[in-house]
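Breakdown of the fold
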Amino acid sequence: MISLTINRAAMRAAMPARQQLAASQAVRYASTKSLKDAVAEVVPQKQEQLKKFRSEHGDKSLGDIKVENLIGGMRGLKVMLWEGSVLDANTGITFHGKSIPDCEKVLPGAGDLGLQGKEMLPESMLWLLLTGNVPSKEEVKGLSEELAAKGKLPSYVEKIIDSFPKTLHPMTQFAGAVGALNHDSKFAQGYKDGIKKTEYWKPTLDDSIDLIAKLPAIAARIYYNVFGRGDGVQKIDPKKDLIGNYSEMIGYGDNEGMTDYLRLYIAIHGDHEGGNVSAHTAHLVGSALSDPYLSYSAALLGLAGPLHGLANQEVLGWALGMQEKVGKNASEEDIKEFLWSTLKSGRVVPGYGHAVLRMPDPRFSALSRFCDTRPELKNSSIVQLVQKTSKVAPEVLKEHGKTKNPYPNVDAASGCVLYEYGLKEWSYYTVIFGISRAIGALPQLVMDRALGLPIERPKSMSLDALEAFVKK
Ligand code: FAM
């Protein structure tokens, strides 16, 4: 930082006036803070905010707990602190108050960093989620460089991944490799060495950045081993962004559309407040002071469930099944019939419904917008079928009368685009979701440590104990 300032001052002295003006503006607007410095600025403010809030409002009620809440998966209970995002049932997700369209406007994207493509970068979203602030493009560039420098896997992890049977689900492989990285955890070492509780967040942040940097290489290695695609070599170009490198490693480096789609997908899947299974798992496991690798490994195993992240693999299989049955130019009537056959067979329609949302998922809308702007996707029969289904399904689901939210969720659209770009191995799709969820779950883990949140330990009750309690 210091040498940069001196160099700029020296350069300015030797510049003509117009150039000096441009340079002074660049200096004024360009911040080159590291992410760690930016988090260090936020932590004391958050600690103070929590302290004040707790002392002023610690005894306020946030609502009643009904027996129905206990039996019904704790829906709607306000029982977690989660800083990165808030999900409103009727307006959707906001990240530190910013909707997806807001983020698309203000977060530095590929073009801002001189890369091919237009979409916002997951690095920008990570910065926003961790600090609550929009980063400058220089800050994002610095973060991309840091991630590239830390992206290579230790050879023992490569060996672990290579030893997995090809028939083991990619998500199980992913969680296994992520858990194994705890071998080198700075948090686990620091804890062993007796660092102070107030310092916990620092090695938690180091581990989190290290893990986010390595996720693409793990995911690419799994892709190569299981499906023989990509080249299996960890070619990480320090000039590329996190997803530019990932795309290269899985064999799509020359495909601008796919690379840009992956950026958007990974940026908007990052955080969806704290109560969803993967985010909540990372927080719960982390509350036992398990390090970020262990906590996120557990989160990935939750993401691998068909009602959560695995839904994107399910949607594609289901949509292709529909296409086989109804043909490429299916009418609305054909689609309705197929939807009814799914429902009548007692299955859920994958990609529809949500535990919190009561509207079409804004993430679905963002992915649909992407499809509309890419000529290569506009004519895709599977993309068209998925989009047509999103218009017909809500009416069918309303008539069916069970789901509280008959609208598409993010998974309704995500897989068909990957498929159209040639990534046809659906059992891999949730791995891409898994790269993304880390940029939401790990920042909260840093905040959990910064705020000194305790081990999570809700009260459970047996049915007999509940019956006795309500009769009292
Ligand atoms: N198709 C058919 N029935 C559905 C349905 C769907 N898409 N979504 C919900 N229902 C049923 C649900 O099974 C339940 O039936 P029972 O009373 O017989 O158990 C009833 O409607 C009420 O459920 P709900 O309160 O509306 O939803 P939940 O909060 O219990 O569950 C989901 C939410 C997401 C698990 C559920 O909507 C679902 O299974 N959707 C399909 C799978 C899916 O797309 N998951 C991905 C969710 C995504 F956002 C993510 O996490 N990645």
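Bear in mind that the values here come from a model prediction, so they are computed numbers and not experimental data. For every chain, the first residue of the written sequence is number 1, and numbering continues from 1 along that sequence. For this predicted model, a pLDDT threshold of at least 70 governs which residues receive local features, and a threshold of 80 or more governs which side-chain atom pairs are given and counted, while totals over whole chains, interfaces and linings are taken from all residues.

**Considerations on the overall build of the chain**
Rules: Numbering of helices and strands runs from the N terminus, with a helix taken as a DSSP run of H or I at least four residues long and a strand as a DSSP run of E at least two residues long. Atoms considered for the radius of gyration are the C-alpha atoms alone. The globule rule reads 2.2 Å times the number of residues to the power 0.38. Here a residue counts as buried when 20 or more other C-beta atoms sit within 10 Å of its C-beta, as exposed when there are 12 or fewer, and as partly exposed otherwise, the C-beta atoms being derived from the backbone.
When helices and strands are tallied, the chain shows 23 helices and two strands. A globule of 472 residues ought to have a C-alpha radius of gyration of about 23 Å, and the chain, at 23 Å, matches this closely. Taken along the three principal axes of its C-alpha coordinates, the chain extends 75 × 65 × 45 Å. Classification of the 472 residues of the chain by burial places 46% in the buried group.

**Digging into the pairing of strand β2 (residues 92-95)**
Side chains on a regular strand alternate between the two faces of the sheet. The condition that has to hold: Two strands make a pair as long as DSSP finds a minimum of two bridges between them.
Bridge count between strand β1 (residues 85-88) and β2: four bridges; the pairing is antiparallel. Bridge pairing in β2 links S85 to F95. The antiparallel pairing of β1 with β2 creates a hairpin that spans three residues between the two strands.

**Focus on the environment of D334**
Structurally, D334 can be placed in helix α17 (residues 332-344). Taking the number of C-beta atoms within 10 Å as the measure of exposure, D334 has 17 and is therefore partly exposed. It is 9.1 Å that separates the C-alpha atoms of D334 and M322, two residues lying 12 residues apart in sequence.

**Overview of helix α15 (residues 292-303)**
Filter applied, for reference: Given the number of residues in a helix, its expected span is that number minus one, multiplied by 1.5 Å. Working definition of a contact: two residues with C-beta atoms, positioned from the backbone, lying within 7 Å.
Here α15 is 12 residues long and its end C-alpha atoms lie 16 Å apart, about the 16 Å a rise of 1.5 Å per residue gives. A large share of α15 lies buried, amounting to 12 of its 12 residues. Taken as a whole, α15 has its buried residues at P292, Y293, L294, S295, Y296, S297, A298, A299, L300, L301, G302 and L303. Where α15 is buried, its residues meet α9 (170-180), α10 (186-193), α11 (201-227), α14 (277-287) and α22 (429-450).

**Side note on unusual backbone geometry**
If you check the backbone angles, M74 has positive phi at about 60° while not being a glycine. Following the sequence through the fold, M74 ends up in the loop between α4 (67-71) and β1. Within the chain, E273 stands out as a residue other than glycine whose phi angle is a positive 50°. As for its placement among the helices and strands, E273 is situated in the loop between α13 (256-268) and α14.

**Regarding the environment of Q444**
Note on placement: Q444 falls in helix α22. For the pair Q444 and A149, spaced 295 residues apart in sequence, the C-alpha separation works out to 23 Å. Setting aside its immediate chain neighbours within four residues, Q444 contacts W82, E83, G84, G274 and H283.

**Brief notes about the packing of α14 against α15**
Each pair of packed helices can be summarised by the angle the axes make with each other and by the distance between the axes. Rule in force here: Fitted lines through C-alpha atoms serve as axes, helices being fitted only where they are in contact, and the angles separating the N-to-C directions of these axes extend from 0 to 180 degrees. Each angle gets one of four labels, with under 35 degrees taken as roughly parallel, over 145 as roughly antiparallel, 65 to 115 as roughly perpendicular, and the rest as oblique. It is the rotation of the near helix from the far one that decides the hand of a crossing: anticlockwise by less than a right angle makes it left-handed, clockwise makes it right-handed. Amino acid classes used here: Ala, Val, Leu, Ile, Met, Phe, Trp, Tyr, Cys and Pro are nonpolar; Asp, Glu, Lys and Arg are charged; the rest, including Gly, are polar.
Their axes nearest at 8 Å, the elements α14 and α15 cross at an angle of 150°. On the basis of their axis angle, the class for α14 and α15 is roughly antiparallel. Relative to α15, α14 is oriented so that their crossing is right-handed. Contact residues: V277, S278, T281, A282, V285 and G286 in α14; L294, S295, Y296, A298, A299, G302 and L303 in α15. Each residue belonging to the contact of α14 with α15 can be placed in one class, and the counts come to eight nonpolar, five polar and no charged.

**With respect to the packing of α14 against α22**
Look at α14 against α22: their axes get within 9 Å of each other, and the N-to-C directions meet at 30°. With respect to α22, the element α14 is oriented roughly parallel. For the pair α14 and α22, the sense of crossing is right-handed. Judged by residue contacts, S278, A279, A282, H283, G286 and S287 of α14 engage R437, G440, A441, Q444, L445 and D448 from α22. A per-class count over the contact of α14 with α22 returns four nonpolar, six polar and two charged.

**Here we look at the confidence of the model for the chain**
Regions with low pLDDT should not have their predicted coordinates read in detail. Quick reminder of the rule: The predictor rates its confidence in each residue with pLDDT, a number between 0 and 100.
Mean pLDDT over the chain: 93, with 93% of residues reaching 70 or higher. Every residue in residues 1-30 is under pLDDT 50, and counting partners more than four places away or in other chains gives 12 contacts.

**Quick word on the environment of P350**
Relative to the elements of secondary structure, P350 occurs in the loop between α17 and α18 (362-373). Residue P350 is classed as buried on the basis of its C-beta count, with 23 C-beta atoms lying within 10 Å. Residues P350 and N312 lie 38 residues apart in sequence; the distance between their C-alpha atoms is 7.8 Å. Discounting chain neighbours no more than four positions away, the residues touching P350 are A311, E314, V315, W318 and D411.

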